[in-house]
Amino acid sequence: MILWVMPDSGAKTMEDYATLVALFKKENPSVDVTVRVFTRNVLWRRVFTLKDPTHEEMPDLIQIPHYWTALLVKAGVAENLSQLDPGLSLTDCLVPLKEHCYQPGTKDIYSYPWWFDLSALHYRADHLKLVSARPEEDLKTWHGLLQICQALREQFGNIPGYYPMQNSDWRGSLSMRSALPCMWSRGLNFFTEDRAATLVGSKEFKEALHDYITLALKEYMPILRERGSLGTIVSGKASMMISRKQGISMFSAKRGMRVCTLPVPAAGDQSAAYLSGMNWFISTLSQHKKEALMFIKFCARPDMQLRYSHMIEAFPAFEEAFEPFISSSPRLQVYKEILPTAHTLPNMIIMGTVMEILKRLLAMCAAQIVEHRFTQASLDRELDMTAKEIEYLLSIYKG
Amino acid sequence: MFDKKSYTLYKFHKQINQSFQDRRELLECALPALRDMFRLDRVYFFDWQQERAILSLRMMCKKEYCMDMQEDISVANEPAFLRQLLQKGVAETTDLSYPALYVLIRWLRPTVELKSGEVHSFMREKVGVLRLERFRKNRVFTDAEIDLIKDLGAEISHNLHNTEIDQAKNQRLSISTALNDLSTIFASSLRLNDGLELILKGIQRYFHFDRVHLYLTNSEGTRIKSVLGVDISGNVTQESGDSLRDEEKQILKEVFESSATYRAKRSVIYLPLKVQRTKVGFLTFDNILSRRKIGYLDFISLQQFATQMALTIDNARLFERVQELSNYDELTKLPVRRYFNEKFAEEIYRAKRFGLSLSLIIMDIDWFKQINDKHGHQIGDWALKAVSKIIRSSLRQTDVPCRFGGDEMVIMLPRTNSEESKVIARRLQERICDVVLPDRNALEPEHLSISQGISSFPSDGTTANELLEKADQALYVVKQHGRGNFAVYREVAEQVQQTSPEEQKEEK
């Protein structure tokens, strides 16, 4: 059986999967499991060729962001898990994750939850103490965050390569996933309620994106610089980070460093977090559907959910494991407060495409910022064009 | 005897000088080899986007494995680093706390581009960067090591060049195989529509497009007649040109004015289908949902295929036209007897197989010979045209009328019993009675009338000949009783049996 997975824990991914597979093989010695790690980008391209494979190696089980489910059902590459195992249930699954497992408009399960993460703001207590008496209060709003960034810049400006914020984007660029809380906290969404039109071209959306981009524009956060070598909290070259990773092992690696976690500062009236789920789906062409289903169920077991979530510092997708997981560390308690404010990307056919379009748009902005040729007017123009493109997609794929 | 450097080079050469499917496969072999030779902790491979001064990380090799990576690093603000890397081919990093060496590698890759409508095939220089890291023991790179690494970089360049050429060759081979397969499919399908469906599905499968559409137009290219498509689920869709949105209709002019069009960052292609000046339609391929770029090579190959496709569609249309002409009577525009017989046999088979009803009407124009004699053949032809026009407009789509010969016409009525066929016969009779012959000299208007005989399956017969014979006999009875009426065989069977076949012939 071949698994296509994403780098859940960066360079440690293969080691983590090796541990998981070893545990699976202990119970199922006759099943061979091969793991291939692909970036989201590569996987995005590859899922479209699953139906008519050109690769010699065909995957059986594939990890995907949960909002791709509708698309994969439409493309005919995902197996109907409800048909494969009529007993398969989502009863114990956390509520925000359920809708993303079904084919929209039906109760047929096509993908099954694996884990999820949740965005939050992490900050170094020792750094913030120098610029704010009550960081929890000052960091409640986006405006407050920018002010703290400015104060930190003044405080640590003499450290070479210092940035108040660490960039948590995988590519070291601007990331739509990091910008999403600014949109949601304004009560805004990608689409109108009936999902017939997009709000990407609206004034509020442009403002939301501008809030996020300000971090790069004012050089509070490095972009297109090497992650890991510049502006990290651990190295002392950054003081804060908005991230979906809990960062427990990373932050505790440095003795004496205390990192606190708060909800993402609200750019609008309310705080909002981005909940990003990862699901499994079985390829319709798989020759090992039974084994793949066994692996899915193995991963959904509370003990495995707990174990893997600790390994990659994400959250278990099922209630039975979620509660004990949250209780396992005092630093995780804050996520109880964050979870009710969580938003997800809708499970729509075009959602993955919309994120691809916006990712390219932000990559273009990042290059413009670095080359000092960014203007808000050009971004607004691009967003208007993007909105038209999304509406065209909506007209073809009806969501 | 080899010295140590030559031996290392030879060893490395042997390791990576293989036939790789693509660049990724080559790097998965070369990076671990470098890691092991120089006891590196990590090796990275970047694509160098020279015009933007960005290093795009593609692969990382660490410990036992390699992994695809994705990270952009701008070096626009580091001119000293850039200068050193571009001039010397190697540069040591300035902002890492451990030894890391950048090595520039250049190679030529086959490229195909379209410039002002023309295809240009050439070799383009591609630049990559290797980064070798030692962070565990902080061992710096010696001059000898740097020298050797530069040579190994050159070896990788050489292999990247070969791999990319092989990849391009394989790609061309697989495309030509695909197009050959598609041509075979097209050639072997009997019906144009079936062939087109198979072709569109084939193109989608071979080239991995999200959607493929064929728009068929009139020969002037001013109106879309129909659209055949395959969606992302692989389902075939068919639409009439009238139901299209205005934007889609507006595309016509643009498509036919250019030889082919790339759209939306090469996610959409429009290919016009033309045979000399005759416009057949156009093809569209899109990856709008997946956002995957469509390569020039695919585009050019499809362009060549489109020419062949246009010719085939045009030929098929001509063939259909010829068939239409041979199956239809030129004067009345009704099917001819041969075509009718085929359809009749099929319908009888279907009626037997599924226990369905079927009726047949034979009719002729009353006093047709006299009309010809009195008014001339022109008026006779006019009468035939008028009657057949009424027949065509009065029947259902499933009914098959036919000009059997002279003024005799036959109508096959599938799924119709004798009572239902009487309704149709009455309707025809009433409508044809309203027709007045166009004779300026006539003192009184001369109305047309018809006589009709009806037989039904299976009560009156179970073969084509039986049904024709029975309907003909019923027609004879109508004629005996003054014409201008219709009769069902079953209802007049007794009267038929009293008449000899010779009498019937005489009457006709």
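What you see is a predicted model; the values in this text were computed from it and never measured. (Residues numbered from 1 in each chain as written. Chains lettered and ligands numbered in written order. Predicted model: local features only at pLDDT ≥ 70, side-chain atom pairs only at ≥ 80, totals over all residues.)

### What to know about the overall build of chain A
No. 1: In terms of regular secondary structure, chain A is built from 17 helices and 11 strands.
No. 2: Against the globule reference of 21 Å for 399 residues, chain A gives a C-alpha radius of gyration of 21 Å, in line with a compact fold.
No. 3: The C-alpha extent of chain A, read off along each of the three principal axes, is 60 × 50 × 35 Å.
No. 4: In chain A, which comprises 399 residues, the proportion classed as buried is 48%.
No. 5: A sequence separation of at least 24 residues applies to 77% of the contacts in chain A between residues at least 6 apart. (Helix = DSSP H or I, 4+ residues; strand = E, 2+ residues; numbered from the N terminus. Rg over C-alpha atoms; globule rule 2.2 N^0.38 Å. Buried ≥ 20, exposed ≤ 12 C-beta atoms within 10 Å, placed from the backbone. Contact = placed C-beta atoms within 7 Å.)

### Here's the deal with the overall build of chain B
No. 1: Of regular secondary structure, chain B possesses 14 helices and 17 strands.
No. 2: Relative to the compact-globule value of 23 Å for 508 residues, chain B shows a C-alpha radius of gyration of 39 Å, a clear excess of over 25%.
No. 3: With the C-alpha coordinates of chain B rotated into their principal frame, the extents come out at 120 × 50 × 40 Å.
No. 4: For chain B, the proportion of its 508 residues judged to be buried stands at 33%.

### So, the sheet that holds strand S17 (residues 486-488) of chain B
Residues and elements named next belong to chain B.
No. 1: Pairing in this open sheet of 5 strands is mixed, and the strands run S14-S15-S13-S16-S17 from one edge to the other. Only two strands of the sheet have a single neighbouring strand rather than two, namely strand S14 (400-405) and S17. Mean inter-strand twist for the sheet, computed between neighbouring axes without regard to direction, equals 20 degrees.
No. 2: Sheet topology places strand S16 (residues 450-457) next to S17; 3 bridges connect them, and they run parallel. Paired with isoleucine 454 across the strands is valine 488, a residue of S17.
No. 3: Each of strand S13 (358-365), S14, strand S15 (408-414) and S16 touches helix H10 (residues 377-394); the most contacted strand, S14, lies at about 160 degrees to it.
No. 4: Contacts from helix H13 (residues 489-498) reach S16 and S17, with the element oriented near 90 degrees to S17. (Pairing = 2+ DSSP bridges. Axes fitted to C-alpha atoms, helices over the stretch in contact; angles between N-to-C directions.)

### Examining the nonpolar core
No. 1: If you look at the biggest cluster of nonpolar residues, it comprises 169 residues, and the most contacted ones within it are Leu72(A), Phe116(A), Leu118(A), Met165(A), Ala273(A), Ala366(A) and Leu31(B).
No. 2: Looking at this core, the element that brings in the most residues is helix H16 (residues 351-370) of chain A, giving 10 residues.
No. 3: The contacts of Leu72(A), once residues within four sequence positions are left out, are Val47(A), Ile64(A), Val77(A), Ala78(A), Tyr110(A) and Phe281(A).
No. 4: Core analysis: the next-biggest nonpolar cluster, separate from the first, contains 43 residues, Phe340(B), Ala383(B), Ile450(B) and Val477(B) among them. (Core = buried A, V, L, I, M, F, W, Y, C linked by C-beta atoms within 7 Å.)

### Considerations on the interface of chain B and chain A
How large an interface is tends to be reported as the accessible area lost when its parts come together.
No. 1: Each side of the interface is counted separately: chain B has 26 residues, and chain A has 34 residues.
No. 2: The element contributing the most residues to the side of chain B that touches chain A is strand S3 (residues 65-74) of chain B, with 9 residues.
No. 3: Its residues assigned to classes, the side of chain B that touches chain A comprises 11 nonpolar, 6 polar and 9 charged. (Nonpolar A, V, L, I, M, F, W, Y, C, P; charged D, E, K, R; others polar.)

### Side note on the confidence of the model for chain B
No. 1: Confidence along chain B averages 87 in pLDDT terms, with 93% of residues attaining 70 or more.
No. 2: Two summary scores accompany this predicted model of the complex, namely pTM at 0.79 and ipTM at 0.90. (pLDDT = per-residue confidence, 0-100.)

### Here we look at the domain arrangement of chain B
No. 1: According to the domain assignment, chain B contains domain 1 (4-170), domain 2 (189-326) and domain 3 (337-507).
No. 2: Computed from C-alpha atoms alone, the centre-to-centre distance between domain 1 of chain B and domain 2 of chain B is 42 Å. (Domains from an automatic or database assignment.)

### Looking at the domain arrangement of chain A
Residue and element names in this part refer to chain A.
No. 1: Taken as a whole, chain A is organised into domain 1 (2-117 + 275-338) and domain 2 (120-273 + 347-397).
No. 2: Placing a centre on the C-alpha atoms of domain 1 and another on those of domain 2 gives a separation of 27 Å.
No. 3: Contacts between the two partners involve 20 residues from domain 1, matched on the other side by 18 residues from domain 2.
No. 4: When residues of the side of domain 1 that touches domain 2 are traced back to their parent elements, those giving at least two are helix H3 (69-75), strand S9 (273-282) and helix H15 (334-338).
No. 5: Looking at which element gives the most residues to the side of domain 1 that touches domain 2, the answer is H3, with 4 residues.
No. 6: Counted by class, the side of domain 1 that touches domain 2 contains 10 nonpolar, 4 polar and 6 charged residues.

### So, the sheet that holds strand S7 (residues 240-243) of chain A
No. 1: Across the sheet, which stays open at both edges, the 4 strands sit in the order S6-S7-S5-S8 (chain A) with mixed pairing between neighbours. Each having just a single partner strand, strand S6 (165-166) and strand S8 (259-262) of chain A make up the two edges of the open sheet.

### Thoughts on helix H8 (residues 337-354) of chain B
All names here are of chain B.
No. 1: The end-to-end C-alpha separation of H8 is 25 Å, in line with the 26 Å expected for 18 residues at 1.5 Å each.
No. 2: Turning to H8, its buried residues are Phe340, Phe344, Glu347 and Ile348. Seen end-on, H8 carries its buried residues on one side only, within an arc spanning 105 degrees. Along H8, the residues that are exposed and aim more than 90 degrees away from the buried face are Arg338, Ala345, Glu346, Tyr349, Arg353 and Phe354.
No. 3: Elements that come into contact with the buried residues of H8 comprise S13, S14, S15, S16 and helix H12 (464-480).
No. 4: Among the residues trailing H8, glycine 355 stands out with phi positive, at a value near 65 degrees. (Expected span 1.5 Å × (residues − 1). Arc of directions from axis to C-beta.)

### Notes on the environment of Glu408(B)
No. 1: Its place among the elements puts Glu408(B) in strand S15.
No. 2: It is 87 Å that separates the C-alpha atoms of Glu408(B) and Gln15(B), two residues lying 393 residues apart in sequence.

### Quick word on unusual backbone geometry
No. 1: Residue Pro458(B) is bonded to the preceding Phe457(B) through a cis peptide linkage, with omega at 0 degrees.
No. 2: Positive phi outside glycine occurs at Glu219(A), with the angle close to 60 degrees.
No. 3: Note that Glu219(A) resides in the loop between helix H10 (203-217) and S7.
No. 4: Overall, Glu219(A) belongs to the partly exposed group, with 14 C-beta atoms counted inside 10 Å.
No. 5: Despite not being glycine, Trp367(B) shows a phi value in the positive range, around 55 degrees.

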